[in-house]
Amino acid sequence: MSPELLVLIKDIFELCIFPLLIALSGYLIAFINNKSNALKENAKSDKEKKYINMLNSTITDCVIATTQTYVESLKK
């Protein structure tokens, strides 16, 4: 591939794809929280609710950390 094409692809990713992924991460977190709340309502015991909360926190923290990594890479 030519160097111009590689620069163009890089620019497209930086200007379109990364910001889109960052925006979608907010929707992903909201979706995970909604599903987590629905699972908690159907949970039969406090132990199930505790593990649902732990899983929700872990997934949400991972999504936030990944989003932050993208933001930091865009700043460079």
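Model, not experiment: these values are computed from the prediction.

**Student:** Quick question: what am I supposed to make of the overall build of the protein here?
**Tutor:** Looking only at helices and strands, one finds two helices and zero strands in the protein. What you see for the protein is a C-alpha radius of gyration of 18 Å, clearly larger than the 11 Å of a compact globule of 76 residues, by over 25%. By its C-alpha atoms, the protein is 60 × 20 × 20 Å across when sized along the principal axes.

**Student:** Honestly, the side chain of Ser25 in this entry has me stumped. Any pointers?
**Tutor:** Mapped onto the secondary structure, Ser25 falls in helix H1 (residues 3-42). Residues contacting Ser25, with those up to four places away along its chain left out, are Val63 and Thr67.

**Student:** What's the story with a nonpolar patch on the surface in this structure? I'm lost.
**Tutor:** A surface patch of nonpolar side chains, amounting to about 1200 Å² of accessible area, comprises Met1, Leu5, Leu6, Leu8, Ile9, Ile12, Phe13, Ile17, Leu20, Leu21, Leu24 and Tyr27. Inspection of the secondary structure puts Phe13 in helix H1. What makes Phe13 partly exposed here is its relative accessible area of 40%.

**Student:** Would you mind going over the packing of aromatic side chains with me for this structure?
**Tutor:** Here the structure, examined in full by the defined rule, presents zero aromatic pairs. The ring of Tyr51 has Lys50 lying over it, and the distance from NZ or CZ to the ring centre is 5.0 Å.

**Student:** Help me understand the side chain of Thr67 in this model?
**Tutor:** With respect to the element layout, Thr67 can be found in helix H2 (residues 46-75). Taking relative accessible area as the criterion, Thr67 reaches 16% and is therefore assigned buried. Reaching out from Thr67, the side chain makes a polar contact with the side chain of Ser25 at a distance of 3.1 Å. Non-local contacts of Thr67, meaning those with residues more than four positions away in its chain, are made with Ile22 and Ser25.

Rules behind the numbers
Residues numbered from 1 in each chain as written. Predicted model: local features only at pLDDT ≥ 70, side-chain atom pairs only at ≥ 80, totals over all residues. Heavy atoms only, no water. Helix = DSSP H or I, 4+ residues; strand = E, 2+ residues; numbered from the N terminus. Rg over C-alpha atoms; globule rule 2.2 N^0.38 Å. Contact = heavy atoms within 4.5 Å. Patch = residues over 30% accessible without salt bridge, like charges linked within 9 Å, V, L, I, M, F, W, Y side chains within 5 Å. Areas by Shrake-Rupley, 256 points an atom, 1.4 Å probe, with all protein chains shown as cover. Salt bridge = Lys/Arg side-chain N within 4 Å of Asp/Glu carboxyl O. Buried < 20%, exposed > 50% of the residue type's maximum accessible area, 1.4 Å probe, protein only. Phe/Tyr/Trp six-rings, centres within 6.5 Å; stacked < 30°, edge-to-face > 60°. Lys NZ or Arg CZ within 6 Å of the ring centre and 35° of its normal. Polar contact = N/O pair within 3.5 Å; in protein donor to acceptor, adjacent residues only side chain to side chain.

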